[in-house]
Amino acid sequence: MTRLERLYEGKAKIVYATDDPDVYIQDFKDSATAFDGAKKGTILEKGRMNNAISSRLFTLLEEAGVRTHFLGLDSPTAMRIRRLDMLKVEFVVRNVVAGSLSKRIGYPEGTALKKPPLVEYYYKDDALHDPLLCLGHLEELGVVTPEELAEATRMARKIDEELQKFFAARGLILVDFKLEFGRDPQGNIVLGDEISPDTCRLWDAETQEKLDKDRFRRDLGGVEEAYAEVLRRILAEEE
Ligand code: TMP
């Protein structure tokens, strides 16, 4: 597959056009940011590790009947993906209280939710710093139809169920994660973006050790080691 022009460069990935108008290439970078870009750094080998982790998880979800944009590996740091028209909404799915939810409702990190999962919607708008949206805000903005919202939310819950099962068998607790969906040319809602320690909170089930980007965000050290450990467990058979 031939890489053509660079269509988009984000904080952690570059998307390229290819000679097939319906296929893009998504290349994962080692660079990392946090707090809306205020903190910047590099996580060695992150591009390769997140490509491998995302590829495995997209494959798992496809096998479970979830439509994703994943088509196959392109290189150690890149995957071939379907062209999607991305929704301007980020979906955050939470099983355990952490991060901004802990600040928002005052529960300590690690508190179990009464009725997990909790699904939150954020507006993908850099100028507004991706604010949390209520359902009424989504309706007003019209960035997603009620049918699309219902379908993406149903898929987010199914993804949570499948990923929790997979991670639990590998000694990991899926605390929370962020998903992005898009429309394919036929108008179907399809999972896009990535699923990796950049976009999930994963805690060791025995020790509660953080094995995700919070190690970078909070200067906990052992960042590369945590990503490598997640990759190792994901590629392993059940423990
Ligand atoms: P939060 O607790 O900071 O709202 O994050 C919830 C989850 O979403 C966590 O797993 C990290 C992920 N996330 C992203 O992938 N990108 C983002 O820009 C933010 C704010 C969170």
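Heads up: the structure comes first, above all this text.
This one's a predicted model, so the numbers in the text were calculated from it and none came from an experiment.

(A) Region of interest: the overall build of the protein chain. Scanning the protein chain from N- to C-terminus turns up 6 helices and 13 strands. For the protein chain, the C-alpha radius of gyration of 17 Å lies close to 18 Å, the compact-globule estimate for 239 residues. Reported as C-alpha extents along the three principal axes, the dimensions of the protein chain are approximately 50 × 40 × 35 Å. The proportion of buried residues among the 239 residues of the protein chain is 51%. Looking at the protein chain alone, contacts between residues at least 24 apart form 56% of all its contacts between residues at least 6 apart.

(B) Quick look at helix H1 (residues 46-63). Across its 18 residues, H1 extends 25 Å between first and last C-alpha, which sits within 8% of the 26 Å expected from 1.5 Å per residue. Listed as buried for H1 are Lys46, Gly47, Met49, Asn50, Asn51, Ile53, Ser54, Ser55, Leu57, Phe58, Leu60 and Leu61. Where H1 terminates, the next one or two residues include Gly65, which has phi positive at roughly 90°.

What counts and what doesn't
- Residues numbered from 1 in each chain as written.
- Predicted model: local features only at pLDDT ≥ 70, side-chain atom pairs only at ≥ 80, totals over all residues.
- Heavy atoms only, no water.
- Helix = DSSP H or I, 4+ residues; strand = E, 2+ residues; numbered from the N terminus.
- Rg over C-alpha atoms; globule rule 2.2 N^0.38 Å.
- Buried < 20%, exposed > 50% of the residue type's maximum accessible area, 1.4 Å probe, protein only.
- Contact = heavy atoms within 4.5 Å.
- Expected span 1.5 Å × (residues − 1).

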